[in-house]
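Each chain, written out:
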Amino acid sequence: MKILGILASHQEHGINAKLLDAVLSNVDSGVETETIFLEDYDITPHKYHEKNAVLDEFSEKLAESDVWVFAAPTYWRELSGVLKNFFDCMRPKFVYFKQNGDTIPGQFKDKHYLSITSCYVSTLENFITGVTDESFKTIDRVMSASGVIKVGEIVLPGTFGMKEIPDSKLKLCAKYGHKISQRKRKDDSTLKRYIQLFFMIAVMALITMGIQLPLKQVMPANFWTDYISFTIIFFVLLGAILHFVTFVKHRRR
């Protein structure tokens, strides 16, 4: 079992490095860890018919690791350019390209990853506006295309002038350190998702029926009006929930 830490900040010993170290130092005994600082490498795009020693080295390190931990700050509401450049240059390693330009997961399919990011804005502002959401979404987008499975997220807002990591975040890092130490072959959350889907539909149906009751007082009561009103209300609720799950699901505090 091996866990690879990928530090994608400009400071080798800054806040993000401390968060990453807090995770890796709490993995279970017997689990090997390694950290690579991306700023130590000259990362350039792959050129066809030419070997790229740096990208080949990264590919080997990723292949021999079971879990990847990405640690990168959020700048201007976006993922740091260091990690974005890494993703861009590693694209031919992460995915296979079909003849029509579509991609399918590459050689790293079914590995796992944990995301870490930080930002200067306060916890309250990040919770309300989701400054760090785009960073997590970019990582998720690349990893989803690569077939790599998400373990979780760690976010630390309010880092301006911060010297030490708060105890609550250190405990969270320790928790994830133990969690990613457990070997998992595939995504084991399928049953959990089906259960969540069942309860989501059950609650939506209940709410829809509750909204329909007063409508029946002003609408003609027959099968088709009941069916059409139920479908429209259910669709609106479904769209709202999917929007929430898609855009507000990331850890913000």
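Parameters at a glance
- Residues numbered from 1 in each chain as written.
- Predicted model: local features only at pLDDT ≥ 70, side-chain atom pairs only at ≥ 80, totals over all residues.
- Heavy atoms only, no water.
- Phe/Tyr/Trp six-rings, centres within 6.5 Å; stacked < 30°, edge-to-face > 60°.
- Buried < 20%, exposed > 50% of the residue type's maximum accessible area, 1.4 Å probe, protein only.
- Lys NZ or Arg CZ within 6 Å of the ring centre and 35° of its normal.
- Core = buried A, V, L, I, M, F, W, Y, C linked by side-chain atoms within 4.5 Å.
- Helix = DSSP H or I, 4+ residues; strand = E, 2+ residues; numbered from the N terminus.
- Contact = heavy atoms within 4.5 Å.

Student: Explain the packing of aromatic side chains to me, using residue names and the numbers behind them.
Tutor: According to the stated counting rule, one finds 17 aromatic pairs in the structure shown. When the centroid spacing of 6.3 Å and the interplanar angle of 75° are considered together, the rings of F86 and F94 count as edge-to-face. Both residues of the pair, F86 and F94, belong to the buried class. By way of ring pairs, the aromatic residues Y41, F58, W68, F70, F86, F87, F94, F108 and Y113 are connected into one cluster. Its guanidinium or amino end placed over the ring of F127, R253 lies 4.4 Å from that ring's centre, counting from NZ or CZ.

Student: If you had to explain the nonpolar core to someone new, which residues and values would you point to?
Tutor: Among the nonpolar cores identified, the biggest contains 28 residues, and W68, F86 and F94 are the most heavily contacted of them. For this core, the secondary-structure elements that each account for two or more residues are β1 (2-7), α2 (53-63), β3 (67-71), α3 (81-89) and α6 (133-146). Element by element, the count of residues in this core is highest for α3, at 5 residues. Dropping the residues within four chain positions of it, W68 is found in contact with L4, I6, L62, F94, F108, K111, H112, Y113, L114, M143 and V148. Of all hydrophobic cores here, the second largest spans 25 residues; its members include L19, V31, V151 and I165.

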